[in-house]
Amino acid sequence: MTRLAIFGDIHGNLPALEAVLHDIASQPAFDAIYCLGDLVGYAPFPNEVIARIRDLQIPTIMGNYDDGTGFDRDNCGCAYTRPDDQIRGDQSFSWTKAAVTAENKAFLRQLLPDIRVTHDGRRFLLVHGSPRRLNEYLYEDRPLASFQRLAATSSAEVIIFGHTHIPYAKWVEQVLFVNAGSVGKPKDGDPRACYAILQSDAAEVTVQFRRLVYDLPRVTDAIRSSILPAAFARMLEDGRG
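Residues numbered from 1 in each chain as written. Predicted model: local features only at pLDDT ≥ 70, side-chain atom pairs only at ≥ 80, totals over all residues. Heavy atoms only, no water.

Chemist: What exactly am I supposed to notice about the state of the cysteines here?
Modeler: Each disulfide consists of a covalent bond between the sulfur atoms of two cysteine residues. Summed over the entire model, instances satisfying the criterion amount to one disulfide. Disulfide pairing places Cys76 opposite Cys78 at an S-S distance of 2.2 Å. Taking the relative accessible area as the measure of exposure, Cys78 reaches 22% and is therefore partly exposed. Unpaired in terms of disulfides, Cys35 finds its nearest cysteine sulfur in Cys194, a separation of 13 Å. Owing to a relative accessible area of 0%, Cys35 belongs among the buried residues under this scheme. (Disulfide = S-S within 2.5 Å. Buried < 20%, exposed > 50% of the residue type's maximum accessible area, 1.4 Å probe, protein only.)

This is the structure in structure tokens:
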């Protein structure tokens, strides 16, 4: 049996990351641990989050926020649908680019575009957004035809991703799609940190989502003490990212 721990979308939330890492360490041994990216943005500990991932040498995919920050792009590749979200998003992105050190930006620039591994005869593909684009949102209620196209073209039996911050698992055309949720910025109404455990053997693959209480006031107080929008703290408290 193969056991994998997979997490992503930390978004500068160090207390949430610490809770996930502690929980992973307390579990029966994992064969591998992977990070789906978006280490930075929205919360005030981007350098500390990067340092933990670097120190632990966790294989990590480049998220859209990592790309935007690492390459000092004009935008983060985020899809804001409301003007007030766009304004707050721009504030966060500007703050993050200014806060992240040159050394850590260099680290973000060399993150992996995807990870392909084989376990128990199954091909696993890990991406940030989708197999097509790092910032494509694969919501669970997307048209079935969209998932069918990805299932047919991705050369994988298990596709694992994040970006929407909403966990789910579904089978389409004998391909298992898994959204690992978000460590540091959940959007499903549950403020607890989230990560996924996959267990695989010759017969099946199972998915468990772990939800963890963490030191939320530590990050919300830090947001409110910074120049980041206070709304980010309220969103974390509500689990509405």
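Chemist: Hey, could you run me through the packing of aromatic side chains in this one?
Modeler: Pairs of aromatic rings are described using the distance from one ring centre to the other and the angle between the two planes. The tally for this structure, following the rule as stated, stands at six aromatic pairs. Relative to Phe93, the ring of Tyr65 has its centre 5.6 Å away and its plane inclined at 80 degrees; by these criteria the two rings are edge-to-face. Residue Tyr65 is found in helix 3 (residues 64–70), and its partner Phe93 is found in helix 4 (residues 83–99); the two are separated by 28 residues along the sequence. By way of ring pairs, the aromatic residues Tyr42, Tyr65, Phe93 and Phe232 are connected into one cluster. The ring of Phe147 carries the charged tip of Lys170 above its face, separated from the ring centre by 4.3 Å. (Phe/Tyr/Trp six-rings, centres within 6.5 Å; stacked < 30°, edge-to-face > 60°. Helix = DSSP H or I, 4+ residues; strand = E, 2+ residues; numbered from the N terminus. Lys NZ or Arg CZ within 6 Å of the ring centre and 35° of its normal.)

Chemist: Please clarify how the sheet that holds strand 8 (residues 193–200) should be interpreted in this entry.
Modeler: Strand order in the open sheet formed by four strands is 2-1-8-9, and the pairing between neighbours is mixed. The open sheet terminates on both sides in strands that have one partner only, identified here as strand 2 (32–35) and strand 9 (205–212). Pairs of neighbouring strands in the sheet enclose a mean axial angle of 20 degrees, with direction left out of account. Relative to strand 8, strand 1 (residues 2–7) runs antiparallel, the two being bridged by five bridges. Within the sheet, the bridge partner assigned to Arg3 lies in strand 8 and is Gln199. (Pairing = 2+ DSSP bridges. Axes fitted to C-alpha atoms, helices over the stretch in contact; angles between N-to-C directions.)

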